[in-house]
Amino acid sequence: MAESRSTESAPEAPANPLQPATLRRIERHAGALASSAVARMDETLPWFRALPADQRSWVMLVAQAGVRSLVEWLRSGATVAASTQEISDEVFAAAPRALARAITLTQTVQLIKVTIDVAEVEVPGFAGKGETALLLQAILRFSREIAFSAARVYARAAESRGAWDARLQAMLVDALLRGDSSDVLASRAAALGWVDSPPVAVVVGRSPGGDITAVLHALYRAARRARLEVIGGLHGDRLVAVVGGATDPVVTAASLSSGFGEGPIVVGPAVPTLEQATESARAALAGFRAAPAWPGAPTPVAADDLLPERALAGDLDARRKLRNDVYGALARAGGGLLETLDAFFAAGGVLESAARELYVHPNTVRYRLRRVAEVCALSPLDGRDGFALRMALSIGRLDPSS
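Notes on the structure follow.

Criteria and thresholds
- Residues numbered from 1 in each chain as written.
- Predicted model: local features only at pLDDT ≥ 70, side-chain atom pairs only at ≥ 80, totals over all residues.
- Heavy atoms only, no water.
- Helix = DSSP H or I, 4+ residues; strand = E, 2+ residues; numbered from the N terminus.
- Buried < 20%, exposed > 50% of the residue type's maximum accessible area, 1.4 Å probe, protein only.
- Contact = heavy atoms within 4.5 Å.
- Areas by Shrake-Rupley, 256 points an atom, 1.4 Å probe, with all protein chains shown as cover.
- Pairing = 2+ DSSP bridges.
- Axes fitted to C-alpha atoms, helices over the stretch in contact; angles between N-to-C directions.
- Core = buried A, V, L, I, M, F, W, Y, C linked by side-chain atoms within 4.5 Å.
- Expected span 1.5 Å × (residues − 1).
- Bend = angle between axes of the 7 residues up to and from the residue.
- Parallel < 35°, antiparallel > 145°, perpendicular 65-115°, else oblique.
- Left-handed = near helix turned anticlockwise from the far one by under 90°.
- Nonpolar A, V, L, I, M, F, W, Y, C, P; charged D, E, K, R; others polar.
- Phe/Tyr/Trp six-rings, centres within 6.5 Å; stacked < 30°, edge-to-face > 60°.
- Lys NZ or Arg CZ within 6 Å of the ring centre and 35° of its normal.
- Salt bridge = Lys/Arg side-chain N within 4 Å of Asp/Glu carboxyl O.

Regarding the overall build of the chain
- Within the chain, the regular secondary structure consists of 19 helices and five strands.
- Looking at the chain as a whole, 44% of its 402 residues are labelled buried.
- Here the analysis covers contacts within the chain between residues at least 6 apart in sequence; of these, 67% occur between residues at least 24 apart.
- Of the accessible surface of the chain, which amounts to about 20,000 Å², a share of 55% is contributed by carbon and sulfur atoms.

What to know about the pairing of strand E2 (residues 229–235)
- Summarising the sheet, E2 and strand E3 (residues 238–244) pair through seven bridges and their orientation is antiparallel. Its bridge partner lying in E3, Leu234 is registered against Leu239.
- Hairpin connection between E2 and E3: a loop of two residues separates the two successive antiparallel strands, and Gly236 in this loop has a positive phi of roughly 70°.

Concerning unusual backbone geometry
- Cis geometry is found at the peptide bond from Thr299 to Pro300, where omega equals 0°.
- Position of Pro300 among the secondary structure elements: in the loop between helix H13 (277–290) and strand E5 (301–302).
- Non-glycine residue Arg227 carries a positive phi angle of around 55°.
- Residue placement: Arg227 occurs in the loop between helix H11 (212–225) and E2.

Brief notes about the sheet that holds strand E1 (residues 200–206)
- What the five strands build is an open sheet, ordered E2-E3-E1-E4-E5; its pairing is mixed. Looking at the sheet topology across the chains shown, the edges are occupied by E2 and E5.
- Here H11 sits on the sheet and contacts E2 and E3; the angle it forms with E2, its principal contact strand, is near 155°.
- Running at roughly 25° to E1, H13 makes contact with E1, E3 and strand E4 (265–267) of the sheet.

Comments concerning the nonpolar core
- Residues Leu322, Val326, Leu330, Leu341, Val372, Cys376 and Leu389 are the most contacted members of the largest nonpolar core, which totals 27 residues.
- Counting residues per element, the ones that place at least two in this core are helix H14 (307–312), helix H15 (316–333), helix H16 (337–346), helix H17 (351–358), helix H18 (362–376) and helix H19 (383–398).
- If sequence neighbours within four positions are ignored, Leu330 has contacts with Leu337, Leu338, Leu341, Val372, Val375, Cys376 and Leu389.
- One finds Ile231, Val240, Ala284 and Phe288 within the second-largest nonpolar core, a separate group that totals 22 residues.

Let's talk about H15
- Compared with an ideal rise of 1.5 Å per residue, which puts 18 residues at 26 Å, H15 spans 24 Å between its outermost C-alpha atoms and is within 8% of the ideal.
- The largest bend in H15 comes to about 30°, at Tyr327.
- All buried positions along H15 are accounted for by Ala318, Leu322, Arg323, Val326, Tyr327, Gly328, Ala329 and Leu330.
- On the buried face of H15, the contacting elements are H14, H16, H18 and H19.

Comments concerning the packing of H16 against H18
- Contact geometry for H16 and H18: axes closest at 10 Å, N-to-C directions at 110°. What the angle tells us is that H16 and H18 run roughly perpendicular. Remark: the crossing between H16 and H18 carries left-handed chirality. Taken together, the residues of H18 that come into contact with H16 (itself represented by Leu337, Thr340, Leu341 and Phe344) are Val365, Arg368, Leu369, Arg371, Val372 and Val375.
- Class assignment of the residues belonging to the contact of H16 with H18 gives a composition of seven nonpolar, one polar and two charged.

Topic: the pairing of E3
- Of all seven residues that make up E3, seven are buried, and the element is covered over most of its length.
- Examined bridge by bridge, E1 and E3 share seven bridges and lie antiparallel to one another. Across the sheet, residue Val204 finds its bridge partner in E3, namely Val240.

Focus on the packing of H17 against H18
- Where H17 contacts H18, the two axes come as close as 8 Å, and the packing angle between them is 105°. The pairing of H17 with H18 is recorded here as roughly perpendicular in orientation. Touching Leu351, Glu352, Ala354, Ala355 and Leu358 of H17 are Pro362, Val365, Arg366, Arg368 and Leu369, all from H18.
- Of the residues belonging to the contact of H17 with H18, the class tally is seven nonpolar, no polar and three charged.

Some thoughts on the packing of aromatic side chains
- Inspection of the entire model under this criterion finds two aromatic pairs.
- Measuring from centroid to centroid gives 6.2 Å for Trp47 and Phe48, while their planes differ by 85°, and the two rings are edge-to-face.
- Taking relative accessible area as the criterion, Phe48 reaches 0% and is therefore assigned buried.
- Between Phe344 and Phe345, the ring centres sit 5.9 Å apart and the planes meet at 55°, which makes this aromatic pair tilted.
- A relative accessible area of 14% places Phe345 in the buried class.
- The ring of Trp294 is capped by Arg384, whose NZ or CZ atom sits 3.6 Å from the centre of that ring.

Concerning the pattern of salt bridges
- In total, this model carries 11 salt bridges according to the counting rule given.
- Residue Asp304 pairs with Lys321 through a salt bridge whose shortest N-O separation is 3.0 Å. Of this pair, Asp304 sits in the loop between E5 and H14 while Lys321 sits in helix H15; the two residues are 17 residues apart in sequence, bridging distant segments of the chain.
- With relative accessibility at 26%, the residue Lys321 sits in the partly exposed group.
- Glu309 is the partner of Arg384 in a salt bridge, and the nearest nitrogen-oxygen pair spans 2.6 Å. With Arg384 in helix H19 and Glu309 in helix H14, this residue pair connects regions lying 75 residues apart in the sequence.
- Residue classification places Arg384 among the partly exposed residues on the basis of a relative accessible area of 21%.
- A single salt-bridge network, built from bridges that share partners, covers Asp304, Arg310, Asp315 and Lys321.

Set out below in structure tokens:
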């Protein structure tokens, strides 16, 4: 393939090289040719007329450089592929790199076509006797090299922009995990084109490995299919995704799972805005660290479903939630709920044994256990919820003052 491309890029030298006088005439009229091309662009391309003056001047520079490069290419005979590429690349070196951001590749192709059309009409007028066909053929071959050069310019710009975006995304992820100010988060998100689409949740999983650009591309492809707003970044070997429009965080994370590697995928709680996403990011990251302690966890799993494991791993937020939202809620509800839980767990989950220990009817125990589920959304009859309740009772009694 490499040999085929190399041969294709190197047009054969003209059998009858152009006369020096012809080349001088073309070179002398380079400015006029460029002006004619720009005038034709103004007539035929509505979007070109709307460009600011500085960008129109850049296009004029490119057109003039194109004519000069054509003369140089004709003078050299285009005998070497490398020199052909260098000469055609010089055309776009005349304008700032900002031109690639201001004008799309499609628009650039339109500009090239207009310039070549003008050259095909006007340049043969400078040809010497018997040189018209040779000159037209040379212009067509050179226009192909210009098209390849334009593609290279935009490919380099895209690679550079992708690398810069990846760095910005990594900085935003770091800012979220550090808990930076909302102004910092907002400015970095705006630089990435983030459109706030509440609610927002943070998803953490293992990176599939490989080039960071490819990893993020796979994540964004999954996000586009699910119509989600996403900013992703790598944090060590972990892939972190900030997701907008996460009305159901677990379902949202499932739609992005193809972008993650093997292992647990943990999603933090949904929050109203990106500025508040630090809480979701902290919970998701803590859940990801604690997930190996629950081998049977679903994938993805909500960070709040991992509260017991997070508490065991030393996550203070998880301890606080279990103490305040579970133990504290049961203590405030009263009605013997805490004592009933103690007796129920001590009896190994046997209702009758717990009732005898409490000197109450088994139906009373059943009622109190249902009441526990209503108060804290954890059922003592479920093995997983029972584990969380026992953790909450222990944590609450270790720190009763809170």
